[in-house]
Amino acid sequence: MTDYAQITGRLGPHKIDQLSPKPHQAVFHAGGKRLFVPNKGTDRWFSVRL
């Protein structure tokens, strides 16, 4: 990787488990042009174009 993507956003409702963004996996799209990242801290999926 040659770039950095900062994940920001409103945190989820669980104040103990969701103190900050917590990306915990990265999944490539079948076409290879996107990377999907689930984030436990914000309860959202992020899509990054490669």
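Above this text sits the structure in question.
My aim in this report is to walk through the structure given alongside it, one point at a time.

Parameters at a glance
Residues numbered from 1 in each chain as written. Predicted model: local features only at pLDDT ≥ 70, side-chain atom pairs only at ≥ 80, totals over all residues. Heavy atoms only, no water. Helix = DSSP H or I, 4+ residues; strand = E, 2+ residues; numbered from the N terminus. Buried < 20%, exposed > 50% of the residue type's maximum accessible area, 1.4 Å probe, protein only. Contact = heavy atoms within 4.5 Å. Areas by Shrake-Rupley, 256 points an atom, 1.4 Å probe, with all protein chains shown as cover. Polar contact = N/O pair within 3.5 Å; in protein donor to acceptor, adjacent residues only side chain to side chain. Pairing = 2+ DSSP bridges.

### Observations regarding the overall build of the chain
A count of helical and extended segments in the chain gives zero helices and three strands. Starting at the N terminus and ending at the C terminus, the chain contains elements arranged as β-β-β. Across its three principal directions, the C-alpha atoms of the chain cover 35 × 20 × 15 Å. In the chain, which comprises 50 residues, the proportion classed as buried is 18%. For the chain, contacts bridging at least 24 residues in sequence account for 20% of all contacts bridging at least 6. Per element, the accessible surface of the chain, about 4300 Å² overall, is 55% carbon and sulfur.

### Thoughts on the side chain of Thr42
Here Thr42 is to be found in the loop between strand E2 (34–39) and strand E3 (44–49). Setting aside anything within four residues of it in sequence, one finds Thr42 in contact with Gly9, Arg10, Leu11 and Gly12.

### Points about the environment of Asn39
Inspection of the secondary structure assignment puts Asn39 in strand E2. Judged by its relative accessible area of 3%, Asn39 falls in the buried class. In this structure, the C-alpha to C-alpha distance between Asn39 and Ile7, residues 32 residues apart in sequence, is 8.4 Å. A polar contact is formed between the side chain of Asn39 and the backbone nitrogen of Thr42, at a distance of 3.0 Å.

### Focus on the environment of Gly12
You can see Gly12 is positioned in the segment before strand E1 (27–28). Note: C-alpha distance between Gly12 and Lys40 (28 residues apart in sequence) is 8.0 Å. In this structure, Gly12 is in contact with Gln18, Gly41, Thr42 and Asp43, ignoring residues within four places of it in sequence.

### Digging into the pairing of E2
Relative to E2, E1 runs antiparallel, the two being bridged by two bridges. Directly across from Val27, in E2, lies its bridge partner Phe36. In this structure, the hairpin formed by E1 and E2 is closed by a connection of five residues, where Gly32 is found at a positive phi of approximately 80°. When E2 meets E3, the two strands line up antiparallel, connected through six bridges. Bridged to Arg34 within E3 is Arg49.

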